[in-house]
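Okay, here's what each chain looks like letter by letter:
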Amino acid sequence: MASGVAITGIGMISSIGKNVEENLQSLLAERHGISRVENFHTRQKETIMVGEIKLSNAALIRQLSLPEDNNFTRTALLGACAAKEALASANIQDMQAYRTGLISSTSVGGMDFTERHFYAYLEDSTLHKYITSHDAGDSSHKIAAYLGLQGLVTTISTACSSAANAIMLGARMIRSGKLDRAIVGGTDALSKFTINGFNTLMILSDTYCQPFDQNRKGLNLGEAAAYLVLESDELVKKDNKKVLAYLSGYGNANDAFHQTASSEDGEGAFLAMQKAFRMAGLAPQDIDYINVHGTATPNNDLSEGRAMMRLFGNQVPEFSSTKAFTGHTLAAAAAIEAVYSILALQYQTVFANLHFATPMEEFQLQPQTKTKRQAIQHVLSNSFGFGGNCSTLIFSKA
Amino acid sequence: MKRNVYINGIGAVTAQGVWHEQLLAQAEALNQPISVAQQPSYKELIAPAMIRRMSTGIKMGIYAAQQALDEADIALPDAIITGTGLGCLEDSEKFLKNILDNDEQFLTPTSFIQSTHNTVAAQIALRLRCKSYNFTYVHQSVSFESALLDGLLQLQHNEAQTVLVGACDEISDHTYLLLQTIGYIKANGIRETVKESLSPGVNYAEGTTFFGLSTLHTPQSYAMITDVTIQNDLDKDSIAPFVERFLQENGVERNTIDAVVVGINGDTVFDSYYQQFTDLFPQAPAIYYKHIVGQYDTSSAFGLAVAAQILKDQKTPANLLWNTKQTSAYRHVLLYNQFKGRDHSLILMKSC
C-alpha cells in the first residue's frame, strides 16, 4: 500500500462525548466517563463501573428525529448518531453519487431489547416490532436506511475486535475497486447480557479500570459507536477532499490458543502487528504512538505487553489505553480508538492512560499517563477479541 | 490480473444429512414448519467432553469445515471466514434465560463464552491451530455472501492461496417460536412443501455449509467462482438493472447464462422477486434448493454447493428443477438470493 486508504470523515458517540469534538476535549482534559449504570436496572449496579452514555433512548430518538413508531434498538440509535456525524464530517450529501458501502460491526446487536421483552413478546403483540431487531445485522440495516444508503451493507462480529475488521474490509473493498466510498466502524450498547457475561468471567473491575497497572482488577464495560469514511484516491483527487489521515496498514491473525483467554506470549497480537507493518511498509521504529487494546484485565495487558516487547524490543514507543476514559466498548472499541488515533495524528498528541500507578512486575513497560504533545507520524492501534481474534490498524498523518 | 478461484471441497450438515455425492438426488422436500439438521457422529472429530458442551451449531460447523478441507486437500487455510445470521443461538438463549429466570444470579460462563457470533470460526481455528485471518459476518441473509466476497477478493488479489469459507445457523426453541409468532415461520400443523406453499411464512430449518476454496485447479475442483455482489435494498423493478450491471462488470452476456439457482422458499409475497429474476433468463432452467434444506439466514450457502455440484456433474437432479426448461451444457450459472425483499445477492459461477 503506497500511502494508504484516505480517511475523509469521522463521527462518534461515547461516554466522554456525544460527538468527536466533545470526545477530543474530554481526552485533552483527562476527563473520563466512567460511572454507575443508570439507564436500566441490573443487580450488578452497585458492584461495577461502566462507560455509559447519559442519554436515554428517547433522547437519542429525538436527536435523530425518528418517527414515533420506530423500532431502533439502542445499538442502532448510537450507530446512527455516529454515522451521521461521520458523513457530515466528510461533507457527503449525495449518497447515490458514488458506489458507497456500509460495513458495520456489533457484538450485542439488539440484545438490549431482547433481554427486556424476551418472554413478554409471547403475550404482547405491541412489542413484536422489536423481535426482528435482535440480530446483529439489524442495526446496520437501520443505519443504512437512515443515511439513505443503497448498496453494499454488511456486518462483522468478531467480539471485541469487530470494528477493526470492519475498517479492514472497507479498505480492501476500496483498494480492489469494489467501492468508491465506505462507511466503516461499529456500535454496541450496554446490556445486562454482556454485563453478566463478563461478570461470570470475573474480569470486571469494581472500580476505575487501570490499564497496564500491576494492581489492575479488570475492565469497565462501556457503550459507544464510531464510524470512519474511507474514500478512494480517485474520489479524493476528483472532489478535492480534505484527508484527515490515512489507513496505511492492517493485519488480522488468530491466537488459536483459547476461546476467551490470550496466549501468554501474545502470539496472535504479534502476528497481527507484524502483518500490519508488512502491509504499511513500515518498521516498528516508525511508530510514534500505540493506542493499545489495554482492557485492564490481568490476562490481556500481560499478553499484549509481551507481544509489544517481542516486536519493539526495548524501544516501545509512547503508548496508552484510552479504555480508562470510555470503558471497553466491545465491538465499537476499535472504531472509537481509530478516531482517537486519527485525533492523535491531527493534534500531534498522545492521550493519557488514566489511573496508572505501578508498573507490572513482568516488564518495565510504562504507559504515558498525561496528555502529551509530541510529533506523531504513525499511530498503531490494537484490538483483540474472544475467539483469539487479533487485529492491528496503522494510521498515518495526512 | 485477477486469479481464478475454484471450489475444491464442500462440506455440509443439513436436514437431509451430511454432504455426499448422492445427497441432492436422494433429497426429499421438507413439509414441516421447522426441520432440524440430521446430525452425524462427532466422535472422530471432537473430544467427548467437548461434544457435551458444544452447541449443535458449533459441532455442525466443525464437521462441515473439516469435510470441506479434507476434500479440498487443505491442511491449514490462509483464511477462515464464516457467516451466521443469528449466531450461536442455543448458548445465547441459555445464558439469557439464566439471567432472566434467576435475576442475574448463579450464572456460569460457559454458555456466555460460546454465545459470541464468531465461536464457530474460532473453534475451527483452535482445532486446527490455525493462526491465519479469521472473520465472521453476521448480516442476515447476506452473512454467507459477505464471507464469500471477502474470501474471493483475497484469493483473486493474491492475498491468500486457500480459504475456508462457510456458514452456520442453528435452531433454538424460543427464537424460532418468536419467528413463528410474527409469521416468518409457518404455523404448527401446516404441511406444505415450497411448491405447495399457500399459507403465510416459510419452512425453516438449520444447517451449515463450508467450502474449501483455492487458486489451484485440481481433479477435485467443482467449479469456479467468478464474482459476488450484495445489496441491502432493491425494489422489484430494479432487479433487471442490478443483474445487468453485475453481468456487464464480469463481461458476461445475459443469454450465456445456462442456468439460474434461486432462493425460492415458498414465501407467497416475496417469491415474486425470484419470478422477476427468472423472467430475465427465458431459456435457462431455474433450480431451487430451499425445499430440501429449509430457510435460515445462511441457507443460501447450500445454494452455492448445489450450483457447484451441477457444474461438476453437468446435470441437475429432477427434484431440484423449479421449471421444465433444459440446457445441454452448464458453463455459466448465476445464483440469486434475497429475503423479504432485502439483502439481495448474486453469485456468478463458471464450469472448469
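Only a predicted model underlies this, so the values are computations on that prediction, with no experimental measurement involved. (Residues numbered from 1 in each chain as written. Chains lettered and ligands numbered in written order. Predicted model: local features only at pLDDT ≥ 70, side-chain atom pairs only at ≥ 80, totals over all residues.)

### Observations regarding the overall build of chain A
Within chain A one finds 12 helices and 14 strands. Taking 21 Å as the expected radius of gyration for a compact globule of 398 residues, we find that chain A reaches 20 Å, a close match to that expectation. If you line up chain A on its principal axes, its C-alpha atoms span 60 × 55 × 40 Å. Split into buried and exposed, the 398 residues of chain A put 64% on the buried side. Taking all contacts inside chain A whose residues are at least 6 apart in sequence as the whole, residues at least 24 apart take part in 79%. (Helix = DSSP H or I, 4+ residues; strand = E, 2+ residues; numbered from the N terminus. Rg over C-alpha atoms; globule rule 2.2 N^0.38 Å. Buried ≥ 20, exposed ≤ 12 C-beta atoms within 10 Å, placed from the backbone. Contact = placed C-beta atoms within 7 Å.)

### Here's the deal with the interface of chain B and chain A
Every contact between the two is made by 47 residues of chain B and, on the other side, 49 residues of chain A. The set of elements that each furnish at least two residues to the side of chain B that touches chain A consists of α4 (89–101), α5 (110–113), α6 (119–128), β4 (133–137), α7 (143–156), α8 (173–181) and β7 (223–233) of chain B. For the side of chain B that touches chain A, a count of residues per class yields 23 nonpolar, 18 polar and 6 charged. (Nonpolar A, V, L, I, M, F, W, Y, C, P; charged D, E, K, R; others polar.)

### A look at α7(B)
Residue and element names in this part refer to chain B. Between its terminal C-alpha atoms α7 stretches 20 Å, which fits the 20 Å expected from 14 residues at 1.5 Å a residue. Where burial is concerned, most of α7 is hidden: 13 out of the 14 residues are buried. Following α7 by one or two positions, asparagine 158 adopts a phi angle in the positive range, close to 65°. (Expected span 1.5 Å × (residues − 1).)

### Considering helix α7 (residues 192–200) of chain A
Within α7(A), 9 of the 9 residues are buried, leaving the element largely enclosed by the surrounding structure. Every buried residue of α7(A) is listed here: Lys192(A), Phe193(A), Thr194(A), Ile195(A), Asn196(A), Gly197(A), Phe198(A), Asn199(A) and Thr200(A). Close packing links the buried residues of α7(A) with α4 (111–117) and β6 (221–222) of chain A together with α4 and α5 of chain B.

### A few points about the domain arrangement of chain B
Residue and element names in this part refer to chain B. In terms of domain boundaries, chain B breaks down into domain 1 (6–214) and domain 2 (226–350). Counting residues at the interface gives 46 residues for domain 1 and 35 residues for domain 2. When residues of the side of domain 1 that touches domain 2 are traced back to their parent elements, those giving at least two are β1 (6–14), α1 (23–26), α7, β5 (162–169) and β6 (207–214). Looking at the side of domain 1 that touches domain 2, the element that brings in the most residues is α7, giving 7 residues. (Domains from an automatic or database assignment.)

### Let's talk about the environment of Ala25(B)
Relative to the helices and strands, Ala25(B) is located in helix α1. Measuring from C-alpha to C-alpha, the distance between Ala25(B) and Pro317(B) comes to 5.4 Å, with 292 residues separating the pair along the chain.

### What about the packing of helix α2 (residues 57–64) of chain A against helix α3 (residues 74–89) of chain A?
All names here are of chain A. Direction vectors running N to C along α2 and α3 enclose 40°, while the axes themselves pass 10 Å from each other. Judged by the angle between their axes, α2 and α3 are oblique. Of the two possible hands of crossing, α2 and α3 adopt the one that is left-handed. Here α2 contributes Asn57, Leu60, Ile61, Gln63 and Leu64 to the contact with α3, which in turn contributes Arg74, Leu77, Ala80 and Cys81. Residues of the contact of α2 with α3, tallied by class, amount to 6 nonpolar, 2 polar and 1 charged. (Axes fitted to C-alpha atoms, helices over the stretch in contact; angles between N-to-C directions. Parallel < 35°, antiparallel > 145°, perpendicular 65-115°, else oblique. Left-handed = near helix turned anticlockwise from the far one by under 90°.)

### A word on the domain arrangement of chain A
Residue and element names in this part refer to chain A. Domain annotation of chain A identifies domain 1 (5–238) and domain 2 (251–397). The distance between the C-alpha centroids of domain 1 and domain 2 comes to 21 Å. Each partner contributes residues to the interface: domain 1 has 60 residues there, and domain 2 has 52 residues. Listed by contribution, the elements that provide at least two residues to the side of domain 1 that touches domain 2 are β1 (5–13), α1 (20–28), β2 (50–51), α6 (162–175), β5 (181–188), β6 and β7 (224–231).

### Observations regarding the packing of helix α3 (residues 56–72) of chain B against α6(B)
Axes are the key here: two packed helices are described by the angle between their axes and the distance separating the axes. Residue and element names in this part refer to chain B. With their axes 9 Å apart at the nearest point, α3 and α6 run at an angle of 50° to one another. When the axis of α3 is compared with that of α6, the two are oblique. The two elements α3 and α6 cross, and the hand of that crossing is right-handed. On α6, the residues touching Gly57, Ile58, Gly61, Ile62 and Ala65 of α3 are Thr119, Val120, Gln123, Ile124 and Arg127. Residues of the contact of α3 with α6, tallied by class, amount to 5 nonpolar, 4 polar and 1 charged.

### Some points on the nonpolar core
Membership of the largest hydrophobic core comes to 250 residues, with the highest contact counts inside it found for Ile167(A), Ala226(A), Leu230(A), Val339(A) and Ala307(B). If one sorts the elements of this core by residue count, helix α12 (residues 333–347) of chain A sits on top with 11 residues. Residue contacts for Ala307(B): discarding those within four places in its chain leaves Ala223(B), Val261(B), Val333(B), Leu335(B) and Met349(B). (Core = buried A, V, L, I, M, F, W, Y, C linked by C-beta atoms within 7 Å.)

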